[in-house]
Amino acid sequence: MIRVELDVMLARRKMKLKDLAAEIGISVTNLSLLKTGKAKGVRFETLAAICKCLDCQPGDLLVFQSED
Amino acid sequence: MNRQTVLKITVILLRFLQLLCLMGLGLLIYDVIAFSIDPSHNFVRWEWYMNETLTIAQGDEEYPLQSKLSYYFNWLQITLQLWLMLLIWQNLIRVVGSVASFKTFIKDNAASFFKIRNLVFFLWILDTFHLFQELGAAIQMTWGFNLEILLFALAAHVLALIFKEGKRLADEQNLIV
């Protein structure tokens, strides 16, 4: 499964979720879905905007975790 | 013709059919009251089961009088059928209305089509059996198998499944950020 480490990156950048949402123009609800792992998928466009804002790579946000 | 115009025309057409059903029900209520007061009343041609048309009698001698059992059976059968048709049009209007307002894949639409399927199936069951008894004569019974109605029920079932799948996909789409 894919684990989203948005909360880790936000903590590293000392940034709040609502500030990130405002910066990239996505609702807090949607970002919250992504942060809590409830989202079924993420668009490249959204991923690129988050990476740009947090100055990171997609690999810093998404981590593959084996289910075994 | 654009999408909205087509949907608007559909709604108008369905409302017209609904109005026809209501008028039919009104006529039947009038008829049952008149028949209860005077059993020789002969307003609606009740041999509709023979040629599947419901017409107004031209004169007293044109159509045979029927027994009370036959009258009330036919009255109940056709009243129920009209009522079911009214409910079918009502559900279709609801679905078309939601499609017109760009809320195509909502939970209610699949439920509406499942309801339509059940209503049409019940309509089909009601249509399989007809009874007529001329006054003083033996009861005539006919059985029929109307494939068109059954196909309509099947179409409603397939549409319900499509709308259910559409709702699932729409929900999934909402979880993509």
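Residues numbered from 1 in each chain as written. Chains lettered and ligands numbered in written order. Predicted model: local features only at pLDDT ≥ 70, side-chain atom pairs only at ≥ 80, totals over all residues.

A. Spotlight on the overall build of chain B. Tallying secondary structure elements over chain B gives 5 helices and 2 strands in all. Looking at chain B residue by residue over its 177 residues, the buried ones come to 19%. Across chain B, every contact between residues at least 6 apart in sequence was considered, and the portion connecting residues at least 24 apart equals 69%. (Helix = DSSP H or I, 4+ residues; strand = E, 2+ residues; numbered from the N terminus. Buried ≥ 20, exposed ≤ 12 C-beta atoms within 10 Å, placed from the backbone. Contact = placed C-beta atoms within 7 Å.)

B. Representation of the overall build of chain A in the model. Tallying secondary structure elements over chain A gives 5 helices and 2 strands in all. Mapped in sequence order, the helices and strands of chain A form the string β-α-α-α-α-α-β. The C-alpha atoms of chain A give a radius of gyration of 11 Å, which matches the 11 Å a tight globule of 68 residues would have. Projected onto its principal axes, the C-alpha coordinates of chain A cover approximately 35 × 20 × 20 Å. A separation threshold of at least 6 residues defines the contact pool for chain A, and within that pool the share at least 24 residues apart is 61%. (Rg over C-alpha atoms; globule rule 2.2 N^0.38 Å.)

C. Layout of the environment of B:Val32. Inspection of the secondary structure puts B:Val32 in helix α1 (residues 3–37). Measuring from C-alpha to C-alpha, the distance between B:Val32 and B:Tyr72 comes to 8.1 Å, with 40 residues separating the pair along the chain.

D. Representation of the environment of A:Ala48. Along the chain, A:Ala48 turns up in helix α4 (residues 44–54). Along the chain, A:Ala48 and A:Pro58 lie 10 residues apart, while their C-alpha atoms are 7.8 Å from each other.

E. Examining the interface of chain B and chain A more closely. Taken together, the contact pairs 4 residues of chain B with 12 residues of chain A. Looking at the side of chain B that touches chain A, its residues break down into 3 nonpolar, no polar and 1 charged. (Nonpolar A, V, L, I, M, F, W, Y, C, P; charged D, E, K, R; others polar.)

F. Quick look at the nonpolar core. Grouped together as the largest cluster of nonpolar side chains are 19 residues, with contacts concentrated most on B:Ile88, B:Leu92, B:Phe113, B:Ile116, B:Leu119 and B:Val120. Broken down by secondary-structure element, the contributors of at least two residues to this core are α1, α3 (68–100), α4 (107–127) and α5 (147–174) of chain B. Ranked by the residues each element gives to this core, the list is headed by α3(B), at 7 residues. One finds A:Leu20, A:Leu31, A:Ile50 and B:Val177 within the second-largest nonpolar core, a separate group that totals 9 residues. (Core = buried A, V, L, I, M, F, W, Y, C linked by C-beta atoms within 7 Å.)

G. Highlighting the packing of α1(B) against α3(B). Residue and element names in this part refer to chain B. Contact pair α1 / α3: the axes reach a minimum separation of 9 Å and the direction vectors enclose 160 degrees. Here α3 runs roughly antiparallel to α1, going by the angle between their axes. Along this stretch, α1 crosses α3, giving a crossing that reads as left-handed. Per-class residue counts for the contact of α1 with α3 are 23 nonpolar, 7 polar and 1 charged. (Axes fitted to C-alpha atoms, helices over the stretch in contact; angles between N-to-C directions. Parallel < 35°, antiparallel > 145°, perpendicular 65-115°, else oblique. Left-handed = near helix turned anticlockwise from the far one by under 90°.)

H. The arrangement of the pairing of strand β1 (residues 129–133) of chain B in detail. All names here are of chain B. Bridging between β1 and strand β2 (residues 139–143) involves 5 bridges; their strand directions are antiparallel. Residue pairing in the sheet places Phe132 in a bridge with Gln140 of β2. The turn joining β1 and β2, which pair antiparallel and follow one another in sequence, is formed by 5 residues; a positive phi near 80 degrees is taken by Gly136. (Pairing = 2+ DSSP bridges.)

I. Representation of α5(B). With 28 residues, α5(B) should cover 40 Å at 1.5 Å per step; its first-to-last C-alpha distance of 40 Å lies within 8% of that length. Structurally, α5(B) contributes buried residues whose contacts are with α4 of chain B. (Expected span 1.5 Å × (residues − 1).)

J. Layout of the environment of B:Leu150. Examined against the element boundaries, B:Leu150 turns out to sit in helix α5. Placed 70 residues apart in sequence, B:Leu150 and B:Leu80 show a C-alpha to C-alpha distance of 17 Å.

K. Main features of unusual backbone geometry. All names here are of chain A. Non-glycine residue Lys14 carries a positive phi angle of around 50 degrees. Within the fold, Lys14 resides in the loop between α1 (6–12) and α2 (17–24). One non-glycine residue with positive phi stands out, namely Asp55, at about 50 degrees. Structurally, Asp55 is set in the loop between α4 and α5 (58–61). For Asp55, a count of 10 C-beta atoms within 10 Å gives the class exposed.

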